[in-house]
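Topology and contacts: notes
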Amino acid sequence: MQGVIEKRGNIGIIWIDNPPVNAISQAVREGLMTALASASADDEIQAMVLACKGRTFMAGADISEFASGPKPPGLTEVIDTLSASPKLIVAALFGTTFGGGFEVALGCNYRISSTSGKIGLPEVKLGIFPGAQGTQRLPRLAGVDFALKLMVSGDPSSAQEALAAGAIDRIADKENIVEAAVEYAKELLADNAPLRRTHEMAIDPAPFGKEFFDGFRKSIARKTRGMNAPERCVSLVETAVNLPFTEGIKQERQLILEAMGDPQAKALQHVFFAERLANKVPGLPRDMALKSVKTVGIIGAGTMGGGIGMSFINNGIPVTILELDKEALQKGLGVIQKNYDSSAKKGRFTEAQVAERMNLITGTTSYDDLADADLVIEAVFENMEVKKEVFSTLNEIVGPDTILASNTSYLNIDEIATVVKNPERVLGMHFFSPANIMRLLEIVRAEKTSPEVLATVLKLSKTIGKVGAVAGCCYGFIGNRMLSGYGREANLLVLEGAAPEQVDRVLYDFGMPMGVIAMADLAGIDIGYRLRQGMDESHYDIQATYVADRLVEMGRLGQKTGAGTYDYQPGNRTPIPSPVTKKIIAEAAEKFGVNQRRISDDEIIERCFYSLCNTGFDLLDEGMAYRASDIDIVYINGYGFPAWRGGPMHWAEHTVGLAKMLDSIRNSAEKFGDRWWKPSPLLERLVRDGGSLRDIQNQ
Ligand code: NAI
């Protein structure tokens, strides 16, 4: 039962109990309405405390109602009733008071929070905004700046920040938040405190004219490019400044209907569910016992090994890291220390936290020190022989149950697993650089990997703050295999007449963090060059790589040498179109007999992304991904594909349309041959027979 009233003297506590996070379901809303009515009518009750059982105050709307639409009473009705209460109401906040939960708190007269409590309005991350009067109440209560920050970023604020802004009124001085709230309510009664109603508060409009909002919009323009939801948040705060509350909520209601129907909101909600789904291995019992991972070994303290180590120690899991010799080890540990020191300088960690983390990492050059590890991740050079040698040695040292993972970008995990006695414990754990920051962990299921090992590593990905997604064992797995067509087309387009800066601009405007050509300059174009040295030519297109190879041979390796495809001013990362590169491109076009032409922006989108998506369809058809949505998760979290487009597969189906994509791929096949442009059989089947990507689930 929701909304049970407990009386403590003249204070009535309205209890909500809807585990696990007190989502504001229909039953909660109805219970609240009934409780409010009876508490108002009860003469013994002079003030109320709104309290929750469990681990948090209401943490948001009930997302399962998103699809069907909420049944009455609506959240707004509940908040109207709260805010009209003739008796004072204190909200007792703890845990994560997010979204609708915080809007409920805004409908109360006073808010007290536990010390560790957080408040937040994360709706923008689902492509919408707080649509139960939050956009109009919060700026009135806590000011325009704080409201903009909370709503537009979607990130939570601590109780301390919230108190400073006035979004809450007090931080509890005792553990038990409900006791503290009851005391606060009594104190307010004793002081004859007014019924503070957020909708009756006024904002002084003077500092918040057009110029202020123009400036704010400019400040977020780069980060929010292409997105609709942040602008809706800003315009509603502007409304709160300029219009009376009743007018403001009318606008809010109008806009929320528009926002709910926005394809961007649908895409972001798809991503929200996709992320949770990606963590599940199909067909496994929910209660299957998983292996415990308490200590981790890492082989190689280079770029990746160091970052991977930080991901574990940041989450309290001790790591032993092994290098070839003392010198390489010291260098690797030194980089980790430097990374933490620079974070500490920026105020992200205290010195003590840095020391605590560094204490969790032990360096070694002896495999014996890895004997007790529950999991060992190999991050040595990208070379099959070296990797096999590492796994053979591990096979002799660690226990038979120790999970063995490779962080390889391309190499065949099945082959690596052949040197190990129990290959069911071998899999790929493909991190992204910088590994301590990037959210994706692509988990490669080899032929013999056991479901238990897979599920254990998926769970572990969450423990270390990553989003795990499972890929099958094929060249480049999901992410890098799809990337190859994307990069190839970008380079071929340059050969055919698009300037590198045109290609990069179009990809950036699409929503990618950077164009792929500038990206290669950042990573170093010698990486691809070296990779190709040991690679079969069937994996790449010599016309697409010709320019990069000439640049590398000239010593133009990218930003690190001050020049790559682009030129760079010393100390400046802004790419400048280079006459040298232009000349090489012209030579290449002549060499391959390519007639350069004007290339449209649309062609750049189609060639780069349709090629990428076509590979995605192949991966799904071959069973290399469990579901299309896993591919979306890989691309969003590992490669920066804009989440508001839902990921490449969602975009293919819901924005471009499968038939249109297939048509264009067939046209490309006619124009450029079918070496790279073979329409995926799955795409062909879906267009021919109908059906949705959503219904495809591999085992
Ligand atoms: P790196 O060259 O920075 O580091 C490799 C480290 O392994 C070096 O410190 C080296 O001394 C050490 N090492 C080599 N052989 C060893 C052995 N037998 N025993 C112990 N240590 C040994 O290379 P990076 O970039 O960290 O790459 C490592 C692996 O991660 C490669 O397989 C690479 O393909 C993969 N990877 C790299 C990414 C990147 O962006 N750099 C992204 C994802 C995966």
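Residues numbered from 1 in each chain as written. Predicted model: local features only at pLDDT ≥ 70, side-chain atom pairs only at ≥ 80, totals over all residues. Heavy atoms only, no water.

**Details of the pattern of salt bridges**
Short version of the rule: Here a salt bridge means any side-chain nitrogen of Lys or Arg lying within 4 Å of a carboxyl oxygen belonging to Asp or Glu. Each residue's exposure class comes from its accessible area (1.4 Å probe, protein chains only) as a fraction of the maximum for that residue type: buried when under 20%, exposed when over 50%, partly exposed otherwise. Helix and strand definitions follow DSSP, with helices as H or I runs of at least four residues and strands as E runs of at least two, each counted in order from the N terminus.
Under the definition given, this model contains 40 salt bridges. When the shortest N-O distance is used, the salt bridge between Glu6 and Arg8 registers 2.9 Å. By relative accessible area, Arg8 is classed as partly exposed at 28%. For Arg505, the salt bridge goes to Asp601, with nearest N and O atoms at 3.2 Å. Placement of Arg505 in helix 20 (residues 500-510) and of Asp601 in helix 25 (residues 601-621) is noted, with a sequence separation of 96 residues between them. Note on Arg505: relative accessible area 39%, which makes it partly exposed. Residues joined in a network through salt bridges with shared partners are Arg488, Glu489, Glu496, Arg597, Glu603 and Arg607.

**Notes on the layout of surface pockets**
Going by this rule: Of the two site types, the cavity is a set of points on a 1 Å grid over the protein atoms alone where a 1.4 Å probe fits but cannot get out, and the pocket is an open set with protein on both sides within 12 Å along at least five of seven lines, each lined by residues with an atom within 4 Å of a point. Grid points are joined across faces, edges and corners, and a volume is the space filled by probe spheres set on the points.
By volume, the second largest pocket is sized at about 460 Å³. Looking at the second largest pocket, it is lined by 19 residues, and the ones nearest its centre are His270, Ser629, His650, His654 and Arg694. Secondary structure elements with two or more residues in the lining of the second largest pocket: helix 12 (263-278), helix 26 (628-639) and helix 27 (648-656). For the lining of the second largest pocket, the element with the most residues is helix 12, which contributes six residues.

**Topic: the site of the ligand**
Going by this rule: Nearness here has a simple test: a residue counts as near a molecule or strand if at least one of its heavy atoms is within 4 Å of that partner. We define a polar contact as two N or O atoms separated by no more than 3.5 Å, with the added condition that, inside protein, one atom must be a possible hydrogen donor and the other a possible acceptor, whereas residues neighbouring each other in sequence contribute only through side-chain atom pairs. Calculation of accessible area relied on Shrake-Rupley with a 1.4 Å probe; when residues are assessed, cover is drawn exclusively from the protein chains displayed.
If you check the shell around the ligand, you find 21 residues, and the closest are Met304, Glu323, Glu382, Lys387 and Ser409. In the model, an oxygen atom of the ligand is placed 2.5 Å from a nitrogen or oxygen of the Glu382 side chain. Within the side chain of Asn407, an N or O atom sits 2.9 Å from an oxygen atom of the ligand. Relative to its unbound accessible surface of 830 Å², the ligand loses 77% to contact with the protein. At the level of elements, helix 13 (303-313), helix 16 (384-397) and strand 15 (426-431) are the ones that each hand at least two residues to the shell around the ligand.

**Some details on a positive patch on the surface**
The test is simple: Any residue with relative accessible area above 30% and no salt bridge may belong to a patch, with like charges joined within 9 Å and the nonpolar Val, Leu, Ile, Met, Phe, Trp and Tyr side chains within 5 Å. For this count, His and the chain ends are skipped, Lys and Arg are scored as positive, and Asp and Glu as negative. For charged residues, the charge sits on one atom: NZ in Lys, CZ in Arg, CG in Asp, CD in Glu.
A cluster of basic residues, Arg276, Lys280, Arg286, Lys459 and Lys462, forms a positive patch at the surface. Within the secondary structure layout, Lys459 lies in helix 18 (residues 451-463). Classification of Lys459 by relative accessible area gives exposed; the value is 52%.

**Here we look at the sheet that holds strand 7 (residues 118-120)**
The condition is simple: When DSSP finds two or more bridges between two strands, those strands count as paired. Two residues form a contact once any of their heavy atoms are found within 4.5 Å. The convention used is that axes are lines fitted to C-alpha atoms, helices contributing only their stretch in contact, and that angles between N-to-C directions extend from 0 to 180 degrees.
As summarised here, the arrangement of the three strands in space is 5-7-8, forming an open sheet in which the pairing is mixed. Two strands in the sheet have a free side with no partner beyond their single neighbour: strand 5 (96-98) and strand 8 (157-158). Running at roughly 85° to strand 5, helix 4 (residues 100-107) makes contact with strand 5 and strand 7 of the sheet.

**Quick word on the pairing of strand 11 (residues 319-322)**
Residues Val319 and Ile321 line one face of strand 11 and the alternating positions Thr320 and Leu322 line the opposite face, and both faces are buried. Two strands pair when backbone bridges link them, and strand 10 (residues 296-299) and strand 11 are joined in this way by four bridges, in the parallel orientation. By the bridge assignment for strand 11, Val296 is matched with Val319.

**Side note on the packing of aromatic side chains**
One pair of aromatic rings is described through two measures. These are the centre distance and the angle between the planes. Quick note on the threshold: Pairing of aromatic side chains requires ring centres within 6.5 Å, counting the rings of Phe and Tyr and the six-membered ring of Trp. Pairs whose planes differ by under 30 degrees are stacked, by over 60 edge-to-face, and all others tilted.
One pass over the full model with this rule turns up 17 aromatic pairs. When the ring of Phe609 is compared with that of Phe641, the centres are 5.8 Å apart and the planes differ by 85°; the resulting orientation is edge-to-face. Taken together, the residues Phe609 in helix 25 and Phe641 in the loop between helix 26 and helix 27 connect sequence positions 32 residues apart. An identical accessibility class is assigned to Phe609 and Phe641; each is buried. For the pair Phe641 and Trp651, a centre-to-centre distance of 6.5 Å together with 65° between the ring planes defines the contact as edge-to-face. Of this pair, Phe641 sits in the loop between helix 26 and helix 27 while Trp651 sits in helix 27, and the two are 10 residues apart along the sequence.

**Focus: the environment of Val354**
When you line up the elements, Val354 lands in helix 15 (residues 351-359). Setting aside anything within four residues of it in sequence, one finds Val354 in contact with Gln337, Tyr340, Asp341, Ala344 and Phe349.

**Remarks on the environment of Leu531**
As for its position among the elements, Leu531 is in helix 22 (residues 525-533). Taking C-alpha positions, Leu531 is 75 Å from Asn192, a pair spaced 339 residues apart along the chain.

**Observations concerning the packing of helix 14 (residues 326-345) against helix 15**
Heads up, the condition is: Reported orientations rely on four angle classes, namely roughly parallel under 35 degrees, roughly antiparallel over 145, roughly perpendicular from 65 to 115, and oblique for the rest. Two helices cross in a left-handed way if the nearer one is turned anticlockwise from the farther one by less than a right angle. They cross in a right-handed way if the turn is clockwise.
With their axes 9 Å apart at the nearest point, helix 14 and helix 15 run at an angle of 160° to one another. As far as their axial angle goes, helix 15 and helix 14 are roughly antiparallel. Between helix 14 and helix 15 lies a crossing of right-handed hand. Judged by residue contacts, Leu333, Ile336, Gln337, Tyr340, Asp341 and Ala344 of helix 14 engage Glu351, Val354, Arg357 and Met358 from helix 15.

**Here's the deal with the domain arrangement of the protein chain**
Worth spelling out the cut-off: Note that the domain bounds reflect an automated or database-derived domain assignment.
By domain assignment, the protein chain separates into domain 1 (2-249), domain 2 (296-474), domain 3 (480-599) and domain 4 (602-695). The straight-line distance from the C-alpha centre of domain 1 to that of domain 2 is 42 Å.

**Overview of helix 24 (residues 579-591)**
Each α-helix turn comprises 3.6 residues. Residues three or four places apart therefore point the same way. Note the following rule: Here, expected helix span is obtained from the residue count minus one, scaled by 1.5 Å. Our arc is simply the arc of the directions from the helix axis toward the C-beta atoms.
Along its 13 residues, helix 24 runs 18 Å from first to last C-alpha, staying within 8% of the 18 Å computed at 1.5 Å per residue. For helix 24, every residue scored as buried is listed here: Thr581, Ile584, Ile585, Ala588 and Ala589. Burial along helix 24 is one-sided: seen end-on, the buried residues are contained in an arc of 140°. In helix 24, the exposed residues that point more than 90 degrees away from the buried face are Pro579, Lys582, Lys583 and Glu590. Of the surrounding elements, those touching the buried residues of helix 24 are helix 19 (479-496), helix 20 and helix 23 (542-553). Capping of helix 24 at its N-terminal end is provided by Ser578; its side-chain oxygen lies 3.1 Å from the backbone amide nitrogen of Val580. Directly after helix 24, the chain includes Gly593, whose backbone phi takes a positive value near 65°.

**A word on the nonpolar core**
Quick reminder of the rule: Here, nonpolar core means buried Ala, Val, Leu, Ile, Met, Phe, Trp, Tyr and Cys residues that are tied together by side-chain atoms lying within 4.5 Å of each other.
Of all hydrophobic cores here, the largest spans 98 residues; its most connected members are Leu394, Val503, Ile604, Phe609, Phe617, Trp651 and Met661. If you tally residues by element for this core, the top one is helix 25, at 10 residues. Discounting chain neighbours no more than four positions away, the residues touching Trp651 are Phe510, Ile605, Phe609, Tyr610, Cys613, Phe641, Arg645, Val656, Gly657 and Met661. Grouped together as the second largest cluster of nonpolar side chains are 86 residues, Ile11, Cys52, Ile177 and Ala181 included.

**Comments concerning the pairing of strand 3 (residues 47-52)**
With six of six residues buried, strand 3 is to be regarded as a mostly interior element. Burial of strand 3 is two-sided: the residues Ala47, Val49 and Ala51 facing one way and the residues Met48, Leu50 and Cys52 facing the other way are all buried. Here six bridges tie strand 2 (residues 11-16) to strand 3, and the two strands are oriented parallel to one another. Along strand 3, the bridge assignment pairs Ile11 with Ala47. The pairing of strand 3 with strand 4 (residues 88-93) spans four bridges and is classified as parallel. The residue bridging Ala47 from the neighbouring strand is Leu88, located in strand 4.

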